[in-house]
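Report on the structure
The lines below spell out each chain.
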Amino acid sequence: MQYRTILLNLNDERRVSKLVKTAASLATASNAHIIGLYVMPSALPPPEFIGHASHTWLEAQILFFEDQARRIKLKFLDLVKD
(Lines give C-alpha, C1' and ligand atoms only; values in the text may rest on other atoms or scores of the structure.)
Protein backbone atom coordinates (compact mmCIF):
# COMPACT_ATOMS: atom_id res chain seq x y z
CA MET A 1 0.00 0.00 0.00
CA GLN A 2 1.30 3.45 -0.91
CA TYR A 3 0.99 6.21 1.67
CA ARG A 4 0.46 9.73 0.35
CA THR A 5 0.45 11.50 3.71
CA ILE A 6 2.14 10.50 6.95
CA LEU A 7 0.82 12.15 10.11
CA LEU A 8 3.57 12.01 12.68
CA ASN A 9 2.85 12.41 16.40
CA LEU A 10 5.75 14.42 17.82
CA ASN A 11 4.84 14.70 21.50
CA ASP A 12 7.92 12.85 22.75
CA GLU A 13 10.74 15.34 22.34
CA ARG A 14 13.44 12.73 22.94
CA ARG A 15 12.27 10.66 19.96
CA VAL A 16 11.70 13.41 17.37
CA SER A 17 14.86 12.74 15.35
CA LYS A 18 14.29 9.01 15.16
CA LEU A 19 10.59 9.37 14.33
CA VAL A 20 11.22 11.93 11.59
CA LYS A 21 14.01 9.86 10.04
CA THR A 22 11.79 6.78 9.98
CA ALA A 23 8.85 8.73 8.53
CA ALA A 24 11.14 10.35 5.94
CA SER A 25 12.29 6.92 4.83
CA LEU A 26 8.68 5.81 4.36
CA ALA A 27 7.76 9.07 2.66
CA THR A 28 10.63 8.80 0.20
CA ALA A 29 9.71 5.22 -0.69
CA SER A 30 6.06 6.18 -1.23
CA ASN A 31 6.52 9.68 -2.68
CA ALA A 32 4.48 10.93 0.28
CA HIS A 33 4.70 13.98 2.50
CA ILE A 34 4.93 14.25 6.27
CA ILE A 35 2.78 16.35 8.58
CA GLY A 36 4.18 16.85 12.08
CA LEU A 37 1.62 16.99 14.88
CA TYR A 38 2.13 18.23 18.43
CA VAL A 39 -0.88 18.04 20.73
CA MET A 40 -0.68 20.06 23.92
CA PRO A 41 -1.29 17.64 26.80
CA SER A 42 -4.04 18.33 29.30
CA ALA A 43 -2.76 20.49 32.12
CA LEU A 44 -5.04 19.61 35.00
CA PRO A 45 -3.67 20.66 38.38
CA PRO A 46 -3.35 18.12 41.16
CA PRO A 47 -6.20 18.28 43.68
CA GLU A 48 -3.94 19.86 46.33
CA PHE A 49 -3.43 22.89 44.04
CA ILE A 50 -7.07 23.90 43.91
CA GLY A 51 -7.46 27.64 44.33
CA HIS A 52 -4.91 30.36 43.59
CA ALA A 53 -1.98 27.95 43.34
CA SER A 54 -3.74 26.05 40.54
CA HIS A 55 -3.70 29.18 38.36
CA THR A 56 0.06 29.60 38.82
CA TRP A 57 0.67 25.90 38.24
CA LEU A 58 -1.51 25.92 35.11
CA GLU A 59 0.32 28.92 33.66
CA ALA A 60 3.67 27.20 34.25
CA GLN A 61 2.44 24.01 32.57
CA ILE A 62 1.10 25.89 29.55
CA LEU A 63 4.37 27.81 29.16
CA PHE A 64 6.33 24.56 29.38
CA PHE A 65 4.19 22.87 26.71
CA GLU A 66 4.35 25.92 24.42
CA ASP A 67 8.13 26.01 24.74
CA GLN A 68 8.34 22.28 24.07
CA ALA A 69 6.14 22.69 21.00
CA ARG A 70 8.48 25.41 19.65
CA ARG A 71 11.56 23.24 20.18
CA ILE A 72 9.92 20.25 18.50
CA LYS A 73 8.75 22.38 15.58
CA LEU A 74 12.24 23.78 15.00
CA LYS A 75 13.78 20.33 15.15
CA PHE A 76 11.12 18.90 12.81
CA LEU A 77 11.59 21.71 10.28
CA ASP A 78 15.35 21.32 10.42
CA LEU A 79 15.11 17.57 9.78
CA VAL A 80 12.67 17.82 6.84
CA LYS A 81 14.08 20.92 5.13
CA ASP A 82 15.79 18.98 2.34
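One can find the structure itself at the top, above this paragraph.
**Digging into the packing of aromatic side chains**
A full pass over the atoms with the stated rule returns one aromatic pair. Considering the side-chain rings of Phe64 and Phe65, the 5.5 Å spacing of their centres and the 65° angle between planes classify their relative orientation as edge-to-face. Look at Phe64 and you get partly exposed, because its relative accessible area is 42%.

**Considerations on the nonpolar core**
Leu8, Leu10, Val20 and Ile34 are the most contacted members of the largest nonpolar core, which has 15 residues in total. Those elements that provide at least two residues to this core are strand 1 (5-9), helix 1 (16-30) and helix 2 (52-80). Among the elements that line this core, the one with the most residues is helix 1, at five residues. If sequence neighbours within four positions are ignored, Leu10 has contacts with Val16, Leu19, Val20, Gly36, Leu37, Tyr38, Ile72 and Phe76.

**What about the side chain of Ser30?**
Examined against the element boundaries, Ser30 turns out to sit in helix 1. The buried category is assigned to Ser30, whose relative accessible area is 9%. Residues in contact with Ser30, not counting those within four places in the same chain, are Gln2, Tyr3 and Arg4.

**Looking at the environment of His33**
Residue placement: His33 occurs in strand 2 (residues 33-37). Separated by 46 residues in the primary sequence, His33 and Leu79 have C-alpha atoms spaced 13 Å apart. In contact with His33, not counting residues within four places along its chain, are Arg4, Thr5 and Ile6. At 3.4 Å, the side chain of His33 forms a polar contact with the side chain of Thr5.

**Brief notes about the environment of Ile34**
Checked against the element boundaries, Ile34 lands in strand 2. For the pair Ile34 and Val80, spaced 46 residues apart in sequence, the C-alpha to C-alpha distance is 8.6 Å. What Ile34 contacts, discounting residues up to four positions off in sequence, is Ile6, Leu8, Val20, Ala23, Ala24, Ala27 and Phe76.

**A closer look at the pairing of strand 2**
Inspection of the sheet shows strand 1 paired to strand 2 by five bridges, in the parallel sense. Across the sheet, residue Leu8 finds its bridge partner in strand 2, namely Gly36.

Rules of the game
Residues numbered from 1 in each chain as written. Predicted model: local features only at pLDDT ≥ 70, side-chain atom pairs only at ≥ 80, totals over all residues. Heavy atoms only, no water. Phe/Tyr/Trp six-rings, centres within 6.5 Å; stacked < 30°, edge-to-face > 60°. Buried < 20%, exposed > 50% of the residue type's maximum accessible area, 1.4 Å probe, protein only. Core = buried A, V, L, I, M, F, W, Y, C linked by side-chain atoms within 4.5 Å. Helix = DSSP H or I, 4+ residues; strand = E, 2+ residues; numbered from the N terminus. Contact = heavy atoms within 4.5 Å. Polar contact = N/O pair within 3.5 Å; in protein donor to acceptor, adjacent residues only side chain to side chain. Pairing = 2+ DSSP bridges.

Bear in mind that shape data such as this cannot, by itself, settle questions of function.
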